[in-house]
Amino acid sequence: RNSNLENIDIYFYGNKELHNKKEINSINQTGCLNIIDTRVENINIFITEGICEDSVNFVRSKGEIYKIDIKNSFSDAIDFDFSDIKLNQLIIEHANNDCSDFSGGKYEIKLLNLSFCGDKALSIGEFSKVKIDRIIASQSNIGIAIKDSSILNANNVELKIVKYCLSAYNKKNEFNGGLIKIGSLECQDYFK
């Protein structure tokens, strides 16, 4: 907290046998890895078997991340809250709930590669502005969900094997709906 993370790789390996013992820490953070009020520069994060509500949670943090790779999350894979982050690659495989969740901030991402998401591959809400160059997502309930006064600008989106390709709505009464701007969209094997 209130620190700098520069030029490092972080590896986290969870323990499947502990997943029923979910706990909230003393500052009410539910991530296995919590990065709070931190400036990040050129970091890589690798997480396997995250047993917490969020495998990793960024809160009020700023900076640039090269790569995040998350596999087999018990609930959400990654949650960004009130942050200003530039990210080169986000790769997520197997999350029992959302693969990626962006709230209340400004985010720029070059590549999102998300697969086997229990609910949403990409969820954006609460006044977020998100710019993504390329999104590849497969095997999720909802490919992209934009809500609560948020805006997504995406150049190239490839979705397949989803129940719903895109969804824009307001979830909380104090917000408006969401806005999705996409340059090129391909959605295959969808219900609606």
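Residues numbered from 1 in each chain as written. Predicted model: local features only at pLDDT ≥ 70, side-chain atom pairs only at ≥ 80, totals over all residues. Heavy atoms only, no water.

If you tally the helices and strands in the chain, you get 0 helices and 13 strands. Starting at the N terminus and walking to the C terminus, you meet the elements of the chain as β-β-β-β-β-β-β-β-β-β-β-β-β. A principal-axis box enclosing the C-alpha atoms of the chain has dimensions of 40 × 35 × 35 Å. Relative to its 192 residues, the chain shows a buried fraction of 48%. Seen as two clouds, the 23 positive and the 27 negative side-chain charges of the chain have centres 3 Å apart. (Helix = DSSP H or I, 4+ residues; strand = E, 2+ residues; numbered from the N terminus. Buried < 20%, exposed > 50% of the residue type's maximum accessible area, 1.4 Å probe, protein only. Lys, Arg positive; Asp, Glu negative; His and termini not counted. Charge placed at Lys NZ, Arg CZ, Asp CG, Glu CD.)

It is worth spelling out the state of the cysteines at this point. Using the criterion set out here, one finds 3 disulfides in the structure. Covalent S-S linkage joins Cys32 and Cys52, the inter-sulfur distance amounting to 2.2 Å. Taking the sign of the S-S torsion, about 105 degrees here, the bridge from Cys32 to Cys52 comes out right-handed. Of this pair, Cys32 sits in strand 3 (residues 31–36) while Cys52 sits in the loop between strand 4 (38–48) and strand 5 (54–59), placing them 20 residues apart in sequence. Just as Cys32 is buried, Cys52 falls in that class too. (Disulfide = S-S within 2.5 Å.)

Turning to the nonpolar core, a few remarks are in order. By size, the foremost hydrophobic cluster in this structure holds 43 residues, and its most contacted members are Phe58, Ile68 and Leu122. Sort the elements by how many residues they give to this core and strand 10 (residues 106–125) lands first, with 8 residues. Aside from chain neighbours lying at most four places away, what touches Leu122 is Ser100, Phe102, Leu112, Leu114, Ile132, Ile135, Gly143, Ile144, Ala145 and Leu152. (Core = buried A, V, L, I, M, F, W, Y, C linked by side-chain atoms within 4.5 Å. Contact = heavy atoms within 4.5 Å.)

Before going further, it helps to spend a moment on the environment of Cys99. As for its position among the elements, Cys99 is in the loop between strand 8 (84–95) and strand 9 (100–103). Separated by 28 residues in sequence, Cys99 and Lys71 place their C-alpha atoms 9.8 Å apart. Once residues lying within four places of it in the same chain are set aside, the contact partners of Cys99 are Ala77, Ile78, Ile92, Leu114, Ser115, Cys117, Lys120 and Ala121.

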